[in-house]
Amino acid sequence: MKVVLLVLLAVLAGGCEIWDPRPGLRDFFYGIGDSSVPDPNADIRKKEYPTWPKEIREAVDDRLVLVGMAKNQVLASIHLDVKDIQKQMVDATSEKVESWVVWKLYNGWAYLKMPKSQMVTISFREGTVVQVEFHTDTKGAYKPKF
């Protein structure tokens, strides 16, 4: 009798639709850290990604930011919308210097402080990354192994 009941429950569960809570949670948490959220830079990936050097493509796939990357490469790597990133621009003598403040999570990036995140400043000179600074004084920060 118990076996028949278990088989019936398995058949019933196999035919049922599984409820996915992520769409409702995405609205609640604004999609931060959720890998199912659409990439705001998907068009960059489609058009430019195949032309990038192998080292840059691997860094983008691993969600890393390297010195020498262009802004579009950084955007493709961190999967954040450029309008949401905190920016500071300085016009030096003949160069444009720009800094972005983002937060490194264990599994990605965010544009605001999250639990277990670490503040990162990405500095650009003329549109190319010249410095990636992980702030160690960030309270409760995740310390990357690289």
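All of these numbers come straight from a predicted model, not from anything done at the bench.

**Let's talk about the confidence of the model for the chain**
Item 1. Per-residue confidence for the chain gives a mean pLDDT of 79; residues scoring 70 or more make up 73%.
Item 2. Across residues 140–146, confidence stays below pLDDT 50; counting only partners more than four residues off in sequence or on other chains, it has 16 contacts.

**Quick look at the packing of helix H4 (residues 54–61) against helix H5 (residues 71–78)**
Item 1. Orientation of H4 relative to H5, taken along the N-to-C sense of each, is 35°, at an axis distance of 7 Å. The residues of H5 that touch H4, namely those facing Ile-56, Ala-59 and Val-60, are Gln-73, Ala-76 and Ser-77.
Item 2. Considering only residue class, the contact of H4 with H5 consists of four nonpolar, two polar and no charged.

**Describing H4**
Turn by turn, an α-helix covers 3.6 residues, leaving residues three or four places apart pointing in a common direction.
Item 1. For H4, the complete set of buried residues consists of Ile-56, Ala-59 and Val-60. For H4, the angular spread of the buried residues around the axis is 100°, confining them to a single face. Opposite the buried face of H4, at more than 90 degrees from it, the exposed residues are Lys-54 and Glu-55.
Item 2. Against the buried residues of H4 lie helix H3 (42–47) and H5.
Item 3. Directly after H4, the chain includes Arg-63, whose backbone phi takes a positive value near 60°.

**A look at the nonpolar core**
Item 1. Formed by 21 residues in total, the largest nonpolar core has its most connected members in Val-65, Met-69, Val-74, Ile-78, Val-102 and Ile-122.
Item 2. Secondary-structure elements contributing two or more residues to this core are H4, H5, strand S2 (96–105) and strand S4 (118–125).
Item 3. The element contributing the most residues to this core is H5, with four residues.
Item 4. Residue contacts for Val-65: discarding those within four places in its chain leaves Val-74, Ser-77, Ile-78, Trp-109, Ile-122, Val-129 and Val-132.

**Some points on unusual backbone geometry**
Item 1. Positioned with a positive phi, His-79 is a non-glycine residue whose angle comes to about 55°.
Item 2. Note on placement: His-79 falls in the loop between H5 and strand S1 (86–91).
Item 3. On the accessibility criterion, His-79 (23% relative accessible area) is partly exposed.
Item 4. In this structure, Glu-126 is a non-glycine residue whose phi angle is positive, near 55°.
Item 5. Among the structural elements, Glu-126 can be located in the loop between S4 and strand S5 (128–134).

**Looking at the environment of Lys-96**
Item 1. Relative to the helices and strands, Lys-96 is located in strand S2.
Item 2. Taking C-alpha positions, Lys-96 is 5.2 Å from Glu-126, a pair spaced 30 residues apart along the chain.
Item 3. If we ignore the near neighbours within four places in the chain, the residues touching Lys-96 are Met-89, Val-90, Asp-91, Phe-124, Arg-125 and Glu-126.

**Focus on the packing of aromatic side chains**
Item 1. A full pass over the atoms with the stated rule returns two aromatic pairs.
Item 2. Positioned above the aromatic ring of Tyr-49, the side-chain terminus of Arg-45 is 5.3 Å from the ring centre.
Item 3. Between Lys-71 and the ring centre of Phe-124, over which it is positioned, the NZ or CZ distance is 5.8 Å.

**Comments concerning the pairing of S4**
Item 1. Most of S4 is tucked away: six of the eight residues are buried.
Item 2. Looking at chain direction, S2 and S4 are connected through eight bridges and run antiparallel. Bridge pairing in S4 links Lys-104 to Gln-118.
Item 3. Of the strand pairs in this sheet, S4 and S5 are connected by six bridges, and their pairing is antiparallel. From the neighbouring strand, Thr-121 faces S5, where its bridge partner is Glu-133.
Item 4. Between the end of S4 and the start of S5, which pair antiparallel, lie two residues, with Glu-126 showing a positive phi angle near 55°.

What counts, and where the lines are drawn
Residues numbered from 1 in each chain as written. Predicted model: local features only at pLDDT ≥ 70, side-chain atom pairs only at ≥ 80, totals over all residues. Heavy atoms only, no water. pLDDT = per-residue confidence, 0-100. Contact = heavy atoms within 4.5 Å. Axes fitted to C-alpha atoms, helices over the stretch in contact; angles between N-to-C directions. Helix = DSSP H or I, 4+ residues; strand = E, 2+ residues; numbered from the N terminus. Nonpolar A, V, L, I, M, F, W, Y, C, P; charged D, E, K, R; others polar. Buried < 20%, exposed > 50% of the residue type's maximum accessible area, 1.4 Å probe, protein only. Arc of directions from axis to C-beta. Core = buried A, V, L, I, M, F, W, Y, C linked by side-chain atoms within 4.5 Å. Phe/Tyr/Trp six-rings, centres within 6.5 Å; stacked < 30°, edge-to-face > 60°. Lys NZ or Arg CZ within 6 Å of the ring centre and 35° of its normal. Pairing = 2+ DSSP bridges.

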